[in-house]
Amino acid sequence: MRKILEYAREHGAAWTFRRGCRKAGDRIFGIYDRKRRPEMPNSAELTAQKVSQPEAGLISVVIPVYNTDPGMLRALLDSLLAQTYTCMEAVLYDGGSTKQATVRILDEYAAKDARLKVIHAEVNDGISGNTNHALALASGVYTALCDHDDLLTPDALWRVAEAIAREHPDVLYSDEDRITEDGRHYLDPYHKPDFCPDNLNACNYICHLLTVRTRLLLDIGGLRSGFDGSQDHDLILRLTEKTDRIVHLPYTLYSWREVRSSASHRKLEQCRDAGCRAVKEHEERLGNICAVTPAGNLIRVRYKVPENTLTDVIRFDPDSPDVYADLNRKAKESNAEYLFFADRRLDIRHRETFMNELLSHAAREGIGAVTPVLTDKHGRIVHGGFVIGTECVAECEYEGLRAGAGGYHEIMNMTRNVSAVSPCALMIRRDRFIPFDERFGTGLGAVDLCLRLKEQGLRHIYTPYAEAVCRRNRMLLSGRNRDAADKALFAVKHGGIRYDPCRGRTY
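The structure reproduced in this document is the subject of the present report. (Residues numbered from 1 in each chain as written. Predicted model: local features only at pLDDT ≥ 70, side-chain atom pairs only at ≥ 80, totals over all residues. Heavy atoms only, no water.)

This paragraph deals with the overall build of the protein chain. Each helix and strand in the protein chain was counted, giving 17 helices and 21 strands. Computed over the C-alpha atoms, the radius of gyration of the protein chain is 24 Å, within 12% of the 23 Å expected from 2.2 N^0.38 for a compact globule of 507 residues. Projected onto its principal axes, the C-alpha positions of the protein chain cover 75 × 45 × 45 Å. Relative to its 507 residues, the protein chain shows a buried fraction of 55%. Sequence-distant contacts in the protein chain: of pairs separated by 6 or more residues, those separated by 24 or more amount to 79%. Carbon and sulfur atoms make up 51% of the accessible area of the protein chain, which totals about 21,900 Å². Between the averaged position of the 71 positive side-chain charges in the protein chain and that of its 71 negative side-chain charges there is a distance of 3 Å. (Helix = DSSP H or I, 4+ residues; strand = E, 2+ residues; numbered from the N terminus. Rg over C-alpha atoms; globule rule 2.2 N^0.38 Å. Buried < 20%, exposed > 50% of the residue type's maximum accessible area, 1.4 Å probe, protein only. Contact = heavy atoms within 4.5 Å. Areas by Shrake-Rupley, 256 points an atom, 1.4 Å probe, with all protein chains shown as cover. Lys, Arg positive; Asp, Glu negative; His and termini not counted. Charge placed at Lys NZ, Arg CZ, Asp CG, Glu CD.)

Right, here's the structure in full:
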């Protein structure tokens, strides 16, 4: 009850109730179980995968083991033996388990299949140390990381191998869900976006199933014991410093076991501290000056605000028929280093900290447009970035949700990458600005701008740490009432964009 009340204070009663109902539905009535089954490959598909093997070479699965529950260990090993990709091995490094049942099951399965390599050590070097010992014995060109009590779907390694054969990436990750400790129900699916560096700073959204080119994994030194609890987060951040060949597999291939005695549950504060240190060191290696602090279950990065910069606040009337022509003219006339486009009725809260938050991101390398969270007078979100490619072309995420509630996996409470933003509160560095297409008359003009900036290698930022009140208008409009001419023009320019709500968002 204490945890529920704390959650409600942070996220609001309405969202807490919605989340509670969904969790109860999944845990008691198996609602997600029924949704999950059609997404899983059927027997015919699994048979076809066994016949058609992608040319990806040997994939090693490294697993640190210590006193694993016998039932959970059997379930994991069965899921490994059920893989439809057959060119695989599993290296299980037992860090001196004292449970004889754990040791016995490992030996039993190793005798059953030579692809399961079991190493019994006398000393437990922790999750990072044991993983690194297993990694040193892996023979695969690629290595997948797996915990000792989780599950892989039968097609997990086949999907990984398929992507390797097609794209030859350095890093791959998949969607995931959770399984209850007793194994009765699946719950909490996580359909992830493609690689988003700012999302990764806020939390380890990549997590499982993570597969890495073995040579790269060894070159960066594997996992670091000083970050136990957030060792995977630290590892992934260091990997992104070495490669941008990162592939997201839009399939649920991994089920994370809910075990209340796990380190992430027992040492939450330690995990948060390790995560903050990992992000801080990562940003410092990139040459960025910043402060990194916990923000609930997330991480907040405060970048240094550029000094002695001139920002031009360009106010406009969203009901003007020539709104984008007006914005282009004012931007051309401005001598400021940063431009902030704003609805003339925008009510900025805490102006100095508001502008500093936006500036701190707009000044960063590789960043295009930056937007705050926009709410109505009742504190409900009216804009927090656009999702592209929906039936309505572009939709505002979580429109109507109370600011602070968080939404799907807390995405509205984290600084993150978005596909596009509205012109009603858009900051950009002047030398990165390109003119709006003046043929548009609604918010799709800003969406078009953001997509053209993305083609130049820039990514866009939404930050919940700056908030403004804005009336609903046609620049924020999402849904079927968008202007037909604007939708047609957008389709001509960007018709190839597609969005599948079952497979995550297009970022």
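From this point on, the discussion continues.
Bringing the packing of aromatic side chains into the picture now. Within the structure shown, the criterion is met by seven aromatic pairs. Ring geometry for Tyr-173 against Tyr-205: centres 5.9 Å apart, planes inclined by 90 degrees, an arrangement best described as edge-to-face. With Tyr-173 in strand 6 (residues 171–179) and Tyr-205 in the loop between helix 9 (197–202) and strand 8 (210–213), the pair connects residues that are 32 residues apart, well separated along the chain. Tyr-205 gets classed as buried once you look at its relative accessible area, which sits at 1%. Ring plane angle 75 degrees and centroid distance 6.3 Å describe the contact between Tyr-190 and Tyr-408, whose orientation is recorded as edge-to-face. Placement of the pair is Tyr-190 in strand 7 (residues 186–190) and Tyr-408 in the loop between strand 18 (393–396) and strand 19 (416–418), with a sequence separation of 218 residues. Grouping aromatic residues by their ring pairs yields a cluster made of Tyr-324, Phe-341, Phe-433 and Phe-436. Positioned above the aromatic ring of Tyr-186, the side-chain terminus of Arg-36 is 3.7 Å from the ring centre. (Phe/Tyr/Trp six-rings, centres within 6.5 Å; stacked < 30°, edge-to-face > 60°. Lys NZ or Arg CZ within 6 Å of the ring centre and 35° of its normal.)

Together, Met-1, Ile-4 and Leu-5 make up a nonpolar patch on the protein surface, roughly 340 Å² of accessible area in all. For Ile-4, a relative accessible area of 49% translates into the label partly exposed. (Patch = residues over 30% accessible without salt bridge, like charges linked within 9 Å, V, L, I, M, F, W, Y side chains within 5 Å. Salt bridge = Lys/Arg side-chain N within 4 Å of Asp/Glu carboxyl O.)

Our next topic: the pairing of strand 2 (residues 88–95). With respect to burial, strand 2 is a largely interior element, eight of its eight residues being buried. When strand 1 (residues 59–65) meets strand 2, the two strands line up parallel, connected through seven bridges. Opposite Val-62, over in strand 2, you have Val-91 as the bridge partner. Once the chain exits strand 1 it traverses helix 5 (residues 70–81) before rejoining the sheet at strand 2, and the crossover so formed is right-handed. Bridge count between strand 2 and strand 3 (residues 116–121): six bridges; the pairing is parallel. Bridged to Asp-94 within strand 3 is His-120. Between the parallel elements strand 2 and strand 3, the chain passes through helix 6 (residues 100–112) in a crossover that is right-handed. (Pairing = 2+ DSSP bridges. Right-handed = clockwise from strand over helix to strand, strands pointing away.)

Another point: the packing of helix 1 (residues 2–11) against helix 2 (residues 13–28). Running from amino to carboxyl end, helix 1 crosses helix 2 at an angle of 130 degrees, the nearest separation of the two axes being 7 Å. As judged from the angle between their axes, helix 1 and helix 2 are oblique. Here helix 1 contributes Ile-4, Tyr-7, Ala-8 and His-11 to the contact with helix 2, which in turn contributes Ala-13, Trp-15, Thr-16 and Arg-19. For the contact of helix 1 with helix 2, the class distribution of residues is five nonpolar, two polar and one charged. (Axes fitted to C-alpha atoms, helices over the stretch in contact; angles between N-to-C directions. Parallel < 35°, antiparallel > 145°, perpendicular 65-115°, else oblique. Nonpolar A, V, L, I, M, F, W, Y, C, P; charged D, E, K, R; others polar.)

Moving on, we come to the pattern of salt bridges. In this structure the tally under the stated criterion is 37 salt bridges. The partner of Glu-162 in a salt bridge is Arg-159, and the shortest N-O contact between them spans 3.4 Å. You can see Glu-162 and its partner Arg-159 sitting in helix 8 (residues 156–167), three residues apart, about one turn around the helix. Overall, the relative accessible area of 25% leaves Glu-162 in the partly exposed class. For Arg-159, a relative accessible area of 18% corresponds to the buried category. What emerges from the salt-bridge pattern is a single network uniting Arg-224, Asp-234, Arg-238, Glu-241, Glu-281 and Arg-285.

With that settled, the discussion passes to unusual backbone geometry. Cis geometry marks the peptide bond from His-208 to Leu-209; its omega dihedral reads -10 degrees. Within the fold, Leu-209 resides in the loop between helix 9 and strand 8. The backbone phi angle of Cys-207 is positive, close to 45 degrees, even though this residue is not glycine. Mapped onto the elements of the fold, Cys-207 is located in the loop between helix 9 and strand 8. Its identity is not glycine, yet His-409 carries a phi of approximately 50 degrees, on the positive side. With respect to the secondary-structure elements, His-409 resides in the loop between strand 18 and strand 19.

With 65 residues, the main nonpolar core has Phe-340, Phe-341, Leu-346, Leu-374 and Val-447 as its most contacted residues. Broken down by element, the residue count for this core peaks at seven residues, all from helix 16 (residues 444–455). For Leu-374, the contacting residues outside a window of four places in its chain are Leu-346, Arg-380, Ile-381, Val-382, His-383, Cys-424, Ala-425, Ala-468, Cys-470 and Leu-476. Core analysis: the second largest hydrophobic core is formed by 39 residues, Cys-196, Leu-239, Cys-276 and Ile-299 among them. (Core = buried A, V, L, I, M, F, W, Y, C linked by side-chain atoms within 4.5 Å.)

Take the packing of helix 5 against helix 6 next. Closest axis-to-axis distance for the helix 5/helix 6 pair is 10 Å, and the angle between their directions is 15 degrees. Classified by the angle between their axes, helix 5 and helix 6 sit roughly parallel to one another. When the axes of helix 5 and helix 6 are compared, the crossing they make is right-handed. Across the interface between the two elements, Pro-70, Leu-73, Arg-74, Leu-77, Asp-78 and Leu-81 of helix 5 pack against Ala-101, Thr-102, Ile-105, Leu-106, Glu-108, Tyr-109 and Lys-112 of helix 6. (Left-handed = near helix turned anticlockwise from the far one by under 90°.)

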